[in-house]
Amino acid sequence: MKPILLHSAGSLSPLLLKFLSFALLLLLNPHAASSGEFRVTPIRLDFDNETRTAIVSVLTEGPDKLNLQIKALEWAQDSNGKDVYTDTSDIIFFPKIMTVEGGEEKTLRAGVQMPPPAREKTYRLFVEEIPQPKKKSEGVNIAIAIRFGIPVFVKPAREDAKAEINKVELSAGVLSVLVTNTGNVHLQVTSVDLKGLDSSGAEVFSEQIGGWYLLNGRTRLYTAPIPADVCAALSKIDVEVVTDRFTLKGSAEAGKTRCRP
């Protein structure tokens, strides 16, 4: 049986990764084989004109030996904000495969040779466990391979961080917020905070949409359905898009006609 890959983003904590792996194991097979555990630090790499190389530490947290493979991929986002990866040779790293004994720490070296780009270039350096074959005596097991993607940012000579809210609209009971990163570096959207007000200005509704990276030049649409009974009472919805650099604000007119499908 082929191993099941559990993909993780660089922002997920090791504790959450362990929980997700364990939960998936129990759902698929209560007798499934346990996967190895490892920790990677740092969880992101930033390269610029002065910083051209970096060292990543890989530490096993379990007693078993782990075989790991490393791969660098260019990281982009499609029109829906979904991460897209393609092969690249821009990131130089060594080794490509490593064996780490239980409780041992190994070093991974990475770097770039390109000059600073006009717009930030983005990659992920994936550290992935290679599942080991099981003995016949152990029966049928499912192996979970942990894959951790380290975000890699190659910064421009001059950073220009900016973004705008292109649209805030309530239609058929669904609020849509369209955000574009108009700068030349990435933003990390912490949250999209919604606050609904009635005709007197009193707050009658609030919701928070989780955020994610928004790469330079990319647009992402955030949506939130508004409960019908609440929507009918709204006069306006205020929106705050909170990023790691600044906060964007917008608002949408509400009303019963905008709540109907």
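Up top is the structure these notes are about.
Note that the coordinates shown come from a computational prediction; the quantities given were computed from them, not determined experimentally.

(A) View of the nonpolar core. Within the largest apolar cluster, 27 residues are counted, with the highest numbers of intra-cluster contacts made by Phe38, Leu45, Leu68, Phe93, Leu108, Leu125 and Ile150. Residue contributions to this core peak at 5 residues, all from strand S11 (residues 144-154). In this structure, Leu125 is in contact with Leu45, Ile70, Lys71, Ala72, Phe93, Leu108, Ala110, Phe148, Gly149, Ile150 and Val152, ignoring residues within four places of it in sequence.

(B) Just the state of the cysteines, in detail. All told, the structure shown has 1 disulfide when counted by the stated rule. The side chain of Cys231 participates in a disulfide bridge whose partner is Cys259; the two sulfur atoms lie 2.0 Å from each other. When the S-S torsion is -90°, as for the bridge of Cys231 with Cys259, the disulfide is left-handed. Highlighted residues: Cys231 in helix H2 (residues 228-231) and Cys259 in the segment after strand S19 (247-253), separated in sequence by 28 residues. For Cys231, a relative accessible area of 0% corresponds to the buried category.

(C) Representation of the environment of Val154 within the structure. On the secondary structure map, Val154 appears in strand S11. Residues Val154 and Lys121, 33 residues apart in the sequence, show an inter-C-alpha distance of 5.1 Å. Each residue touching Val154, except ones within four places of it in the same chain, is listed here: Phe47, Val112, Met114, Pro117, Glu120, Lys121 and Tyr123.

(D) Main features of the environment of Asp198. By secondary structure assignment, the location of Asp198 is in the loop between strand S14 (187-197) and strand S15 (203-210). Apart from the residues lying within four places of it in its own chain, the contact partners of Asp198 are Val204, Ala233 and Ser235. Separated by 2.7 Å, the side chains of Asp198 and Ser200 make a polar contact.

(E) Up close: the sheet that holds strand S17 (residues 219-225). Sheet architecture is open: 3 strands sit in the order S12-S13-S17, paired in antiparallel fashion. Among the strands making up the open sheet, the edge pair consists of strand S12 (163-171) and S17. Geometrically, the sheet is characterised by an average inter-axis angle of 15° between neighbouring strands, direction not taken into account. Relative to S17, strand S13 (residues 174-181) is paired through 7 bridges, and the arrangement is antiparallel. Note on S17: the bridge partner recorded for Val179 is Arg220.

Conventions used here
Per chain, residues are indexed from 1 in the order of the written sequence. Residues qualify for local features only when their pLDDT is at least 70, as the model is predicted, and side-chain atom pairs are given and counted only at 80 or more; totals for whole chains, interfaces and linings, by contrast, use all residues. The side-chain values count all of the structure's non-hydrogen atoms but skip hydrogen atoms and water molecules. We define the nonpolar core as a collection of buried residues of types Ala, Val, Leu, Ile, Met, Phe, Trp, Tyr and Cys that are connected through side-chain atoms lying within 4.5 Å of one another. With a 1.4 Å probe rolled over the protein chains alone, any residue whose accessible area is under 20% of its type maximum counts as buried; one over 50% counts as exposed, and the rest are partly exposed. Only runs of H or I of at least four residues qualify as helices and only runs of E of at least two qualify as strands under DSSP, and these elements are numbered from the N terminus. Two residues qualify as a contact provided that any one of their heavy atoms is within 4.5 Å of a heavy atom in the partner residue. Pairs of cysteine sulfur atoms within 2.5 Å are identified as disulfides in what follows. For the purposes of these results, a polar contact is taken to be a pair of N or O atoms within 3.5 Å, where, inside protein, one atom must be able to donate a hydrogen and its partner to accept one; residues adjacent in sequence count only when each atom of the pair is a side-chain atom. Here, a strand pair is defined by DSSP locating no fewer than two bridges between the strands. For helices, the fitted axis covers only the stretch in contact; all axes are lines through C-alpha atoms, and the angles between them, taken along N-to-C directions, range from 0 to 180 degrees.

Distances and angles like these do not, on their own, reveal function.
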